[in-house]
Amino acid sequence: MTVNFGDGTTIDSGGSLGKILQVVSTTKSDRESFSISSSSNYGTKFGTVGSFNPSITVSGSNKVYVTGHICLSSTSSDNIGMQLMRGSTLIGAGDSHGSTRRGIIGNEIMSGQRAGTSCAFNFLDTPGAGTHTYTMDLYGLFAHTSTIHVNRGTTLNNNVFSLVTISVMTLLEVSA
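Because the structure is predicted, anything quoted here is derived from the model rather than measured. (Residues numbered from 1 in each chain as written. Predicted model: local features only at pLDDT ≥ 70, side-chain atom pairs only at ≥ 80, totals over all residues. Heavy atoms only, no water.)

Draft legend 1. Molecular detail of the nonpolar core. Counting residues in each nonpolar core, the largest one holds 26 residues, and the members touching the most others are Ile 70, Leu 72, Met 136 and Leu 138. Sorting the residues of this core by element identifies β4 (32–36), β6 (55–58), β7 (63–74), β8 (78–86), β11 (117–125), β12 (130–140), β13 (146–150) and β14 (167–174) as the ones contributing at least two each. With 4 residues, the top contributor of residues to this core is β7. (Core = buried A, V, L, I, M, F, W, Y, C linked by side-chain atoms within 4.5 Å. Buried < 20%, exposed > 50% of the residue type's maximum accessible area, 1.4 Å probe, protein only. Helix = DSSP H or I, 4+ residues; strand = E, 2+ residues; numbered from the N terminus.)

Draft legend 2. Region of the structure containing unusual backbone geometry. Positive phi values are uncommon outside glycine, yet Ser 51 reaches one of about 55 degrees. For Ser 51, the position within the fold is in the loop between β5 (45–48) and β6.

Draft legend 3. Up close: the side chain of Thr 26. Mapped onto the secondary structure, Thr 26 falls in strand β3 (residues 20–28). Thr 26 sits in the buried class, given a relative accessible area of 17%. Residues in contact with Thr 26, not counting those within four places in the same chain, are Ser 51, Phe 52, Asn 53, Pro 54, Ser 167, Val 168 and Met 169. (Contact = heavy atoms within 4.5 Å.)

Draft legend 4. Highlighting the pattern of salt bridges. Considering all chains together, one arrives at 4 salt bridges under this definition. Between Lys 28 and Glu 32 there is a salt bridge; the shortest N-O distance is 3.0 Å. Assessed through its relative accessible area of 1%, Lys 28 is described here as buried. The partner of Asp 137 in a salt bridge is Lys 45, with the nearest N and O atoms 3.5 Å apart. You can see Asp 137 sitting in strand β12 and its partner Lys 45 sitting in strand β5, a full 92 residues away along the chain. For Asp 137, a relative accessible area of 5% gives the class buried. Ionic contacts of the salt-bridge type, sharing partners, join the residues Lys 28, Asp 30 and Glu 32 into one network. (Salt bridge = Lys/Arg side-chain N within 4 Å of Asp/Glu carboxyl O.)

In structure tokens:
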């Protein structure tokens, strides 16, 4: 079986090019909330998602395939931008366009959700040799007061009508 990533890199179960050398995965099962109390700042950073920061040590020019999902809800309908970071470097982001916010994915999160919205992400990174830590930053793209919840719905009652979830980030070292 051969999988092509679109940039010339493939995973081929019969050869060494594209061979998966190691897998590191982080599962965030706790809940976290971020609030912005100022309604005048568009594109304000809510924060960096805690306990969602896997590290991997890469050899030579090998690549890292980053994949996962994060579950979010909001106290008011909000457009959320997500930035995948390798250390302090933004990766997997759209091209610059004026003053627009760049990110790996964005999603409209509706208010009043009991379960939240799962936002999937994937990126093939070329980080260079060494140990690299990956994180996810969240940005509000509207100008209003809002709270973003990770791994829970907006409503969190102690009953069967509410759902708590997990978020997962997995790193795969792929031989070059």
